[in-house]
Amino acid sequence: MEKQFEEFKLQLEESGGVREKIRSVVTEIEASNRMLSSCLLSVHQSLPLSGVLEKANGHIETVKGLYVQLAEILKDCPGEFYRYHGDWRSETQTVVSLIAFLHWLETGALLMHAEAEKKLGLGSSDFGLDIEDYLTGLCFMSNEFPRYVVNRVTAGDYDCPRKVLTFLTDLHTAFRMLNLRNDFLRKKFDGMKYDLRRVEEVYYDVKIRGLASDGSAQGQANATGDQLTLP
Amino acid sequence: MTTNSTMRDEFAKHADYLNSLNEKREKVVKASRDVTMNSKKVIFQVHRISKYNKDEVLLKAENDLVAVTNQFMSKLVKELQGTDFWKLRRAYTPGVQEYIEAATFCRFCKTGTLLNLSEINSSLLALSDKSIEPLQINVLDYLLGVADVTGELMRLAIGRISDGEIEYAQKICQFVRDLYRELIVIVPLMDDNAEMKKKMEVMLQSAIKIENACFSVHVRGSEYTPLLGTDNPDFSFFGVSDFE
């Protein structure tokens, strides 16, 4: 009996050590996320977008470096990705929401799973971006839009609500293709419809006052790139 | 709309992924439930032990356990083959814990020793396809199962005392104390130890119940002897009315 428990003790101490290493990196990821988040928040204040994006991309590089470190730690415990996954799960969901929002600002399109992995330097080894984390991150991103459209309209960008509405509607439709379980992701997805409704309201307000440019066809055509040329 | 259709393609992939993951999880949960149910039956069989039928009862329990292994654990092992054991751990941990409990319980009654994890794992190797990485029970599930066995040992000890097998009860008592002493060192090191901490409290309670029962017999030994062998032993007599 004693011998076996002695072995367990060693094994568990080892995995505890791994966990400690992971946690210290995750703390840094959290800090970088906060920097990135704070940087992205300035889009609500209509600062020049190109400057914001440049700074934000710098922070993403930092986060990427940290994820590479995590992947390096996990290399020593093959097949145990999901043993430790909970330790960086919520940070990963946050970072996905931030880089997906940033990606939309840059391109007007959705950040795909493979693109997200690439941005975070993941996917080459066993260490990947969990699909559910990615999807949860997208739900978090959606929460950012109501505030964004309100502030854009206040700043005089009357075309923004329509673009956001198209994007969020598409995203919501896409999410409805998923058979979700009764879990966290499901709850977050259920919240997305409130974002959608809020954006619809803003769009409606702008539209009935004749402020929105009447160009749904033109709007789709320049879905990419026009974010950068905003006043 | 191009954005829409690329999004749709992307989400179609994720939908497939989630569907197959959920299906797998569902199957594993089912297999795990079968293991739980049948392991419980083994435990009940062991409890049918009495002073005179020990070998017979244990033989049947052991055979039942082998059947659980071959029929139900093998199914769980097959369902889990080729998937991430840690990802689905929550789906199968109840079954595995119950199985550990049944197996260690049988082994203790047979030999008075603790069944090792490595022994269980090597028996699982035989169940699986050699080409794919086989299911190996992890330390955490093993310890959680072992912690549970002490509750059964407590019941067994009380039963043995009422049957007059005081020495057997004392042996159980010693075993449970040893286990508790070993585990108390390890628990803080375990991954997610909230569940285990609760089990440790229960374990201590079990150990105390056995000790109290042994104490009662020791102190009042001469008084209770005539009661032995009656069909309805009065457990409250031993200070263990709380029997769960």
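Calculation rules
Residues numbered from 1 in each chain as written. Chains lettered and ligands numbered in written order. Predicted model: local features only at pLDDT ≥ 70, side-chain atom pairs only at ≥ 80, totals over all residues. Heavy atoms only, no water. Buried < 20%, exposed > 50% of the residue type's maximum accessible area, 1.4 Å probe, protein only. Helix = DSSP H or I, 4+ residues; strand = E, 2+ residues; numbered from the N terminus. Arc of directions from axis to C-beta. Contact = heavy atoms within 4.5 Å. Polar contact = N/O pair within 3.5 Å; in protein donor to acceptor, adjacent residues only side chain to side chain. Patch = residues over 30% accessible without salt bridge, like charges linked within 9 Å, V, L, I, M, F, W, Y side chains within 5 Å. Areas by Shrake-Rupley, 256 points an atom, 1.4 Å probe, with all protein chains shown as cover. Salt bridge = Lys/Arg side-chain N within 4 Å of Asp/Glu carboxyl O. Lys, Arg positive; Asp, Glu negative; His and termini not counted. Charge placed at Lys NZ, Arg CZ, Asp CG, Glu CD. Expected span 1.5 Å × (residues − 1). Domains from an automatic or database assignment. Buried area = accessible area lost by both parts, 1.4 Å probe. Nonpolar A, V, L, I, M, F, W, Y, C, P; charged D, E, K, R; others polar. Phe/Tyr/Trp six-rings, centres within 6.5 Å; stacked < 30°, edge-to-face > 60°.

### Overview of helix 4 (residues 117-125) of chain B
Right, so step 1: Buried within helix 4 of chain B we find L117(B), I120(B), N121(B) and L124(B). Relative to the axis of helix 4 of chain B, the buried residues are bounded by an arc of 95° and lie together on one face.
Right, so step 2: Packing partners of the buried residues in helix 4 of chain B comprise helix 1 (2-41) of chain A together with helix 2 (54-80), helix 3 (89-111) and helix 5 (139-162) of chain B.

### Quick look at the side chain of S15(A)
Right, so step 1: As for its position among the elements, S15(A) is in helix 1.
Right, so step 2: Look at S15(A) and you get buried, because its relative accessible area is 6%.
Right, so step 3: Of note is the side chain of S15(A), whose polar atom sits 3.1 Å from the backbone oxygen of L12(A).
Right, so step 4: When sequence neighbours within four positions are dropped, the list of residues in contact with S15(A) reads R83(A), Y84(A) and D191(B).

### Quick look at a positive patch on the surface
Residues and elements named next belong to chain B.
Right, so step 1: Together, K27, K30, R33 and K75 line one region of the surface with positive charge.
Right, so step 2: Among the elements that make up the positive patch, the one with the highest residue count is helix 1 (residues 2-47) (3 residues).
Right, so step 3: In this structure, K27 sits in helix 1.

### Quick word on the interface of chain B and chain A
Right, so step 1: Listed as interface residues are 38 residues of chain B and, on the opposing side, 34 residues of chain A.
Right, so step 2: At the junction of chain B and chain A, the tally comes to 4 salt bridges.
Right, so step 3: Between E132(A) and K87(B) there is a salt bridge; the shortest N-O distance is 3.4 Å.
Right, so step 4: Our count for the chain B to chain A interface comes out at 10 residue pairs in polar contact (both at pLDDT 80 or more).

### Some points on the side chain of H44(A)
All names here are of chain A.
Right, so step 1: Along the polypeptide, H44 turns up in the loop between helix 1 and helix 2 (49-74).
Right, so step 2: Accessibility expressed as a relative area gives 7% for H44, which makes it buried.
Right, so step 3: Setting aside chain neighbours within four positions, we find H44 in contact with E144, R147, Y148 and N151.

### Re helix 7 (residues 194-219) of chain B
Right, so step 1: In this model helix 7 of chain B runs 38 Å from its N-terminal to its C-terminal C-alpha over 26 residues, within 8% of the 38 Å that 1.5 Å per residue would give.
Right, so step 2: Those residues of helix 7 of chain B not exposed but buried are M196(B), K199(B), M200(B), M203(B), S206(B), A207(B), K209(B), I210(B), A213(B), C214(B), S216(B) and V217(B).

### Details of the domain arrangement of chain A
Residues and elements named next belong to chain A.
Right, so step 1: The domains assigned to chain A are domain 1 (1-141) and domain 2 (143-231).
Right, so step 2: Centre-to-centre separation of domain 1 and domain 2, based on C-alpha positions: 26 Å.
Right, so step 3: Listed per partner, the contact involves 22 residues of domain 1 and 24 residues of domain 2.
Right, so step 4: Buried area between domain 1 and domain 2, summed over both chains or domains, comes out near 2200 Å², and the portion from carbon and sulfur atoms is 69%.
Right, so step 5: When the buried area of domain 1 at its contact with domain 2 is split by residue, H44, W104 and C139 rank highest and sum to 33% of it.
Right, so step 6: Applying the counting rule to domain 1 against domain 2 returns 0 salt bridges.
Right, so step 7: Across the domain 1-domain 2 interface, the total number found is 6 residue pairs in polar contact (both at pLDDT 80 or more).
Right, so step 8: Secondary-structure elements contributing two or more residues to the side of domain 1 that touches domain 2 are helix 2, helix 4 (89-107) and helix 6 (131-154).
Right, so step 9: Per-element accounting of the side of domain 1 that touches domain 2 gives the leading share, 7 residues, to helix 6.
Right, so step 10: For the side of domain 1 that touches domain 2, the residue count by class is 14 nonpolar, 6 polar and 2 charged.

### Regarding the packing of aromatic side chains
Right, so step 1: Throughout the structure, instances matching the rule amount to 17 aromatic pairs over all chains.
Right, so step 2: Aromatic rings pair up to connect F101(A), W104(A), F145(A), Y148(A) and F167(A) into one cluster.

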